[in-house]
Amino acid sequence: MTSADDRDEMWARRAGSFGSHARAYAEHRPDYPAAAVRWALEPLGGSSLGRSSLEVLDLAAGTGKLTAVLVAEGHQVTAVEPDEKMLAELVRRNKEVRALPGSAERVPLPDRSVDAVLVGQAFHWFDRDAALPEIARVLRPGGVLAGLWNYGDLSVPWVAEFDRIGHDGTNRGVSDVDQVMPDHELFTGSARATFPHVHRRTAETLVATVGTQSHVLVAAEEERRALREQVLAFLRARPETAEGEFDFPLTTHVKRMTRA
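What counts and how
- Residues numbered from 1 in each chain as written.
- Predicted model: local features only at pLDDT ≥ 70, side-chain atom pairs only at ≥ 80, totals over all residues.
- Heavy atoms only, no water.
- Helix = DSSP H or I, 4+ residues; strand = E, 2+ residues; numbered from the N terminus.
- Buried < 20%, exposed > 50% of the residue type's maximum accessible area, 1.4 Å probe, protein only.
- Contact = heavy atoms within 4.5 Å.
- Areas by Shrake-Rupley, 256 points an atom, 1.4 Å probe, with all protein chains shown as cover.
- Pairing = 2+ DSSP bridges.
- Axes fitted to C-alpha atoms, helices over the stretch in contact; angles between N-to-C directions.
- Lys, Arg positive; Asp, Glu negative; His and termini not counted.
- Salt bridge = Lys/Arg side-chain N within 4 Å of Asp/Glu carboxyl O.
- Polar contact = N/O pair within 3.5 Å; in protein donor to acceptor, adjacent residues only side chain to side chain.

Draft legend 1. Focus on the overall build of the protein chain. The helix and strand tally for the protein chain stands at 11 helices and seven strands. In the protein chain, which comprises 260 residues, the share counted as buried stands at 50%. For the protein chain, the proportion of contacts with a sequence separation of at least 24, taken over those separated by at least 6, is 78%. Only carbon and sulfur atoms are counted for the fraction: they give 49% of the accessible area of the protein chain, which is about 12500 Å².

If you want it as structure tokens, here you go:
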């Protein structure tokens with residue numbers, strides 16, 4: 001039986017596994033739909049701010065998959081990321097963005113300095129007891145906290161089968177958004193929504209996307225090779241994915257709360 005210490009050690013290894021693969025992460029992970037970002041920020045649209053451009057913190061920004069969408073939407077973005085290699089890749093791809101080293105538990109920004117904090121595919125790595133008060137600290141009253149997650153659209157049969165093959169089961173727990181991002185006394189107005197999304201892929205590049213997931217990154221080389229071969233064989237056997245480019249169906253889940 002795996003001990004709690006062993007589980008904690010593996011979780012820490014997975015959390016720290018991305019930096020050495022920052023280029024691959026930036027190239028092969030999906031972005032986020034603009035509609036999901038707009039919904040996340042919707043409570044600020046009728047506020048007294050009186051402007052469409054908001055000051056947004058992209059927290060645990062990785063290589064900037066969400067950052068780029070926020071910039072394209074016209075917002076003033078500060079990206080905070082603890083891994084220096086991921087942050088360097090973000091800066092390389094988003095040179096106009098203010099980028100700072102830091103974590104959800106220690107955000108390098110003053111009190112009440114941003115209108116919104118958005119978190120893409122990262123809330124499950126946080127120490128939530130420390131992170132939620134720290135996020136509340138940097139938000140202005142009435143500001144928005146939103147988490148976004150991309151998942152394969154399991155209502156599509158071949159995607160559900162692909163998901164079963166490509167995961168080891170340890171990712172299942174992070175799909176419960178309310179558990180990963182719980183309600184908190186410093187926030188109000190909790191709401192959730194889902195949005196359709198797609199990721200343009202080939203069989204080979206979808207295999208590469210699987211290869212950027214943390215449970216694969218920390219696996220032994222022979223396990224990674226076996227998984228790549230199994231996933232590629234599955235994709236080449238499916239008419240939807242056997243040849244050329246295709247849209248991999250995703251659903252983007254969003255939870256937002258407002259700073260009380």
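Next comes the rest of the account.
Draft legend 2. Representation of the sheet that holds strand β5 (residues 139-152). In spatial order, the strands read β3-β2-β1-β4-β5-β7-β6; together these seven strands make up an open sheet with mixed pairing. The sheet is open, and its two borders are formed by β3 (98-101) and β6 (187-201), each paired with just one other strand. When the angles between neighbouring strand axes are averaged without regard to direction, this sheet yields 20°. Those strands touched by helix α6 (residues 128-138) are β1 (55-59), β4 (114-120), β5, β6 and β7 (246-259), and its axis lies near 130° from that of β5. Each of β5 and β7 is contacted by helix α7 (residues 157-166), which is oriented at about 80° to β7, the strand it contacts most.

Draft legend 3. Inspection of the side chain of Thr258 at higher detail. With respect to the secondary-structure elements, Thr258 resides in strand β7. Exposure remark for Thr258: the relative accessible area of 19% places this residue in the buried category. Thr258 has contacts with Pro43, Gly142, Gly143, Val144, Leu186, Phe187 and Thr188, leaving out every residue within four places of it along the chain.

Draft legend 4. Summary view of the environment of His184. Within the secondary structure, His184 sits in the loop between α8 (177-180) and β6. A relative accessible area of 23% means that His184 is categorised as partly exposed. As a C-alpha pair, His184 and Pro133 span 51 residues in sequence and 8.8 Å in three-dimensional space. With residues near it in sequence (within four places) discarded, His184 still touches Leu132, Pro133 and Met257.

Draft legend 5. Geometry of the side chain of Arg201. Relative to the elements of secondary structure, Arg201 occurs in strand β6. The side chain of Arg201 is buried and forms no salt bridge, while Glu27, the nearest opposite charge, is found at 6.5 Å. Within the local environment of Arg201, its side chain forms a polar contact with the side chain of His28, the two groups lying 3.1 Å apart. Within the structure, Arg201 has its side chain in polar contact with the backbone oxygen of Thr205 (distance 2.9 Å).

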